[in-house]
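# Structure at a glance
Spelled out from the first residue to the last, the chains are:
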Amino acid sequence: MKRTSLGIRLVTLMALLIGLGAPRAARAKVNVVASIETLADLARQVGGDRVEVKSLARGYMDPHFVEPKPSLVIDLNRADLLVHVGLELEIGWLPPLVLGARNPRIQLGQPGNLDASTGIHVLDVPATKIDRSLGDIHAQGNPHYWIPPASAAIVAREIAERLASIDPAGKASYDARLAAFLAELERRRADWEKRAAPLRGTKIVTYHKSWSYLSSWLGLEEVGYVEPKPGIPAPPSHIAQLIGAMKRDGVKLILMESFYPRSTVDLVADKAGARALVVPSDVGAAPNIKSYFDLVEAVIQKLTRG
């Protein structure tokens, strides 16, 4: 039903937006559109005052599901560069919007279309044949990679290179801002890792399998998931098994994003003697999280205090 509803909305949008493909007036700044707010902030960090950046999703939203509004198509029509997570995270909503935007610069395979996952060492790549019985599993691997500093550095470099190819006159500026970002990132990474060192080896459960990269970075051990399969509600049998496993392994922490339902998580936490911790997963997830650095700082604070 969701896909049918999405298709209807998109057909309506396409009808409303006929004619948006007309040539645009020249602009002084490079127009960048990102699928999520963290990528938008990385583009601002690198681009500075040479870019104008917008995000299609808000940081408090589930990035798997974004409502296709006419304003998003307009933003994409005007974009010089689209930066998206890739690995099929946005597969349910972004490709039809890009097609409907009638913007040749950002179509797949063009310089203005940047899949930010290109340089990432992807985790959780399925080793078996994928079908719908496995839930909303990502066939290309886990797309929730953007929090660890190593990933942010990779994406920032990719954005700088792509901006320089679109705006050669700004290359020196992009290179300088990238160097400054990487230096600040390295300084903060050392501090974050020092503060999070006591967490190494901690066993955790997560709601969705979206924290693999964070767990790998900080040495957390994921022993179970509230969702038995991505996007599929947990049956009572799975909940009972999960609670038993948590008691047996002494798991005291469940991580989840704010956009997932709390009821089942609170039940599991109560029965297992654990704590449910809502952790921000994107810039803009809370009013005080305005940048990538704010995001990681908030995550580290949540984990160390939790």
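The structure reproduced in this document is the subject of the present report.

Procedures and definitions
Residues numbered from 1 in each chain as written. Predicted model: local features only at pLDDT ≥ 70, side-chain atom pairs only at ≥ 80, totals over all residues. Heavy atoms only, no water. Pairing = 2+ DSSP bridges. Helix = DSSP H or I, 4+ residues; strand = E, 2+ residues; numbered from the N terminus. Axes fitted to C-alpha atoms, helices over the stretch in contact; angles between N-to-C directions. Right-handed = clockwise from strand over helix to strand, strands pointing away. Buried < 20%, exposed > 50% of the residue type's maximum accessible area, 1.4 Å probe, protein only. Phe/Tyr/Trp six-rings, centres within 6.5 Å; stacked < 30°, edge-to-face > 60°. Lys NZ or Arg CZ within 6 Å of the ring centre and 35° of its normal.

## Describing the sheet that holds strand 3 (residues 81–84)
Two modes of strand pairing occur in sheets, parallel and antiparallel, and in both the strands are linked by backbone hydrogen bonds. With respect to topology, four strands assemble into an open sheet ordered 2-1-3-4, the strand pairing being parallel. The sheet is open, and its two borders are formed by strand 2 (51–55) and strand 4 (113–115), each paired with just one other strand. The average undirected angle you get between the axes of adjacent strands in this sheet is 20°. Pairing geometry for strand 1 (residues 30–34) and strand 3, over three bridges, is parallel. The residue bridging Val-32 from the neighbouring strand is Leu-81, located in strand 3.

## So, unusual backbone geometry
With the exception of glycine, most residues fall at negative phi, and the peptide bonds are largely trans. In this model, Glu-88 sits at a positive phi of 65°, which is unusual for a non-glycine residue. With respect to the helices and strands, the residue Glu-88 is situated in the loop between strand 3 and helix 4 (94–101).

## What about the environment of Ser-117?
Assignment of secondary structure puts Ser-117 in the loop between strand 4 and helix 5 (149–166). Distance from Ser-117 to Pro-143, taken between C-alpha atoms, is 7.7 Å for residues 26 residues apart in sequence.

## Overview of the pairing of strand 5 (residues 203–206)
Sheet topology places strand 5 next to strand 6 (residues 221–225); four bridges connect them, and they run parallel. Bridging across to strand 6, Val-205 finds its partner in Gly-224. What joins strand 5 to strand 6 is helix 7 (residues 212–218), and the crossover it makes is right-handed. Pairing of strand 5 with strand 7 (residues 253–256), which is carried by two bridges, proceeds in the parallel orientation. Among the inter-strand pairings, Val-205 is bridged to a residue of strand 7, identified as Ile-254.

## Some remarks on the pairing of strand 3
Covered by surrounding structure in strand 3 are Leu-81 and Val-83 together with Leu-82 and His-84, the residues of both alternating faces. Looking at chain direction, strand 3 and strand 4 are connected through three bridges and run parallel. When the bridges of strand 4 are listed, His-84 appears paired with Asp-115. In terms of handedness, the path from strand 3 via helix 4 over to strand 4 forms a crossover that is right-handed.

## Brief notes about the packing of aromatic side chains
With the rule as written, the count across this model stands at eight aromatic pairs. Here the aromatic rings of Tyr-145 and Tyr-213 are separated by 6.3 Å at their centres, their planes lie at 80°, and the arrangement is edge-to-face. Taken together, the residues Tyr-145 in the loop between strand 4 and helix 5 and Tyr-213 in helix 7 connect sequence positions 68 residues apart. With 5.4 Å between their ring centres and 40° between their planes, Phe-181 and Phe-293 make a pair best called tilted. Of this pair, Phe-181 sits in helix 6 (residues 171–196) while Phe-293 sits in helix 10 (residues 292–305), placing them 112 residues apart in sequence. Among the residues examined, Phe-181 registers a relative accessible area of 3% and is labelled buried. Among the aromatic residues, those joined into a ring-pair cluster are Tyr-145, Trp-146 and Tyr-213. Above the face of the Phe-293 ring, Arg-188 is positioned so that its terminal group lies 4.5 Å from the ring centre.

Function cannot be read off these values alone, since they describe shape.
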